[in-house]
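# Examining the three-dimensional arrangement
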Amino acid sequence: MQALAMTLFTYGILTLQPTSQPKTKAAGLTRHQIAMFCTAFPVVAFGTFAVVYNKFIRDKHHFKSWHGTIGIACMAWIAIQIAIGGCSVWFGGAAFGGGMKAKLVWRYHRISGYVLFVLLLLTKYVSYPARFLAYTLSPFVVLVAVGVRARLSKMNIF
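Attention shifts here to the environment of Lys101. Among the structural elements, Lys101 can be located in helix α4 (residues 99-125). On the basis of relative accessibility, which here comes to 58%, the residue Lys101 falls in the exposed class. Sequence separation between Lys101 and Met155 is 54 residues, and the spatial gap between their C-alpha atoms is 14 Å.

As a further point, take the environment of Ala40. Within the secondary structure layout, Ala40 lies in helix α2 (residues 22-57). The class for Ala40 is buried, based on a relative accessible area of 0%. For the pair Ala40 and Thr10, spaced 30 residues apart in the sequence, the C-alpha separation amounts to 9.5 Å. In this view, Ala40 contacts Ala5, Leu8, Phe9 and Ala35; residues no more than four positions away in its chain are not counted.

If you walk through the whole model with that rule in mind, you get one cavity of 30 Å³ or more. Lining the largest cavity we find 24 residues, and of these His32, Met36, Gln81, His109 and Gly113 sit closest to its centre. Contributing elements (two or more residues each) for the lining of the largest cavity: α1 (2-14), α2, α3 (66-89) and α4. Considering every element that reaches the lining of the largest cavity, the biggest residue donor is α4, with eight residues.

One pass over the structure, following the stated rule, counts two aromatic pairs. On the basis of an interplanar angle of 70° and a centroid distance of 5.8 Å, the ring pair of Phe37 and Trp90 is categorised as edge-to-face. Of this pair, Phe37 sits in helix α2 while Trp90 sits in the loop between α3 and α4; the two residues are 53 residues apart in sequence, bridging distant segments of the chain. The exposure class assigned to Trp90 is partly exposed, which follows from its relative accessible area of 38%. Taken together, a centroid distance of 5.9 Å and an interplanar angle of 15° make the contact between Phe49 and Tyr53 stacked. Highlighted residues: Phe49 and Tyr53, both in helix α2, separated by four residues, approximately one helical turn. The class of Phe49 is exposed, set by a relative accessible area of 52%.

Turning to the nonpolar core, a few remarks are in order. Counting residues in each nonpolar core, the largest one holds 21 residues, and the members touching the most others are Phe9, Ile78 and Leu120. When contributions to this core are tallied by element, the ones reaching two or more residues are α1, α2, α3 and α4. Among all residues touching Phe9, those that are not within four sequence positions of it are Met36, Ala40, Phe41, Val44, Ile78 and Leu120.

With that settled, the discussion passes to the state of the cysteines. Under the defined criterion, the tally for this structure stands at zero disulfides. The thiol sulfur of Cys38 is not disulfide-bonded, and the nearest other cysteine sulfur, from Cys87, lies at 15 Å.

Here we take up α4. Two residues of an α-helix separated by three or four positions point the same way, owing to the 3.6 residues in each turn. Between the first and last C-alpha of α4 there are 39 Å, a value that for 27 residues agrees with the 39 Å anticipated at 1.5 Å per step. Inspection of α4 places Ala102, His109, Arg110, Ser112, Gly113, Tyr114, Leu116, Phe117, Leu120, Leu121 and Thr123 among the buried residues, and these make up the whole buried set.

What counts as what
- Residues numbered from 1 in each chain as written.
- Predicted model: local features only at pLDDT ≥ 70, side-chain atom pairs only at ≥ 80, totals over all residues.
- Heavy atoms only, no water.
- Helix = DSSP H or I, 4+ residues; strand = E, 2+ residues; numbered from the N terminus.
- Buried < 20%, exposed > 50% of the residue type's maximum accessible area, 1.4 Å probe, protein only.
- Contact = heavy atoms within 4.5 Å.
- 1 Å grid on protein atoms, 1.4 Å probe; cavity = no way out; pocket = protein on both sides within 12 Å on 5 of 7 lines; lining within 4 Å.
- Points joined across faces, edges and corners; volume = space filled by probe spheres on them.
- Phe/Tyr/Trp six-rings, centres within 6.5 Å; stacked < 30°, edge-to-face > 60°.
- Core = buried A, V, L, I, M, F, W, Y, C linked by side-chain atoms within 4.5 Å.
- Disulfide = S-S within 2.5 Å.
- Expected span 1.5 Å × (residues − 1).

Next up, the structure:
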């Protein structure tokens, strides 16, 4: 489930990059919201619930590894990320005062999303230390693919 969620998160990020026309920006935002909110989040939430429930019924320790600890922190961060992202664009960003105020919040939402994405890759990486090559190479390729398409100049931070 979590691998599928990572695929959907990756698609949700890539679908926003790059856009220049208002029509393509709106279409990209719609695809992003469907990928993140309607598909990836329910999948990752179900996968996390399944793991926690399995640990509970078998009376195993919870969150004793780096993988479990970082993973549950990522789940909380994802929920906050969705709330802030939605509030910054739904109803014209009225939750944050609309207009430029909402756009400023959205910029930090975007930066936070990239950091969260790297943390999700790290969570996956620390889960299987015996499969070093597969879990070193594939997250690196995904990170490079997202990094190449990210437009840092649009964030006005550098």
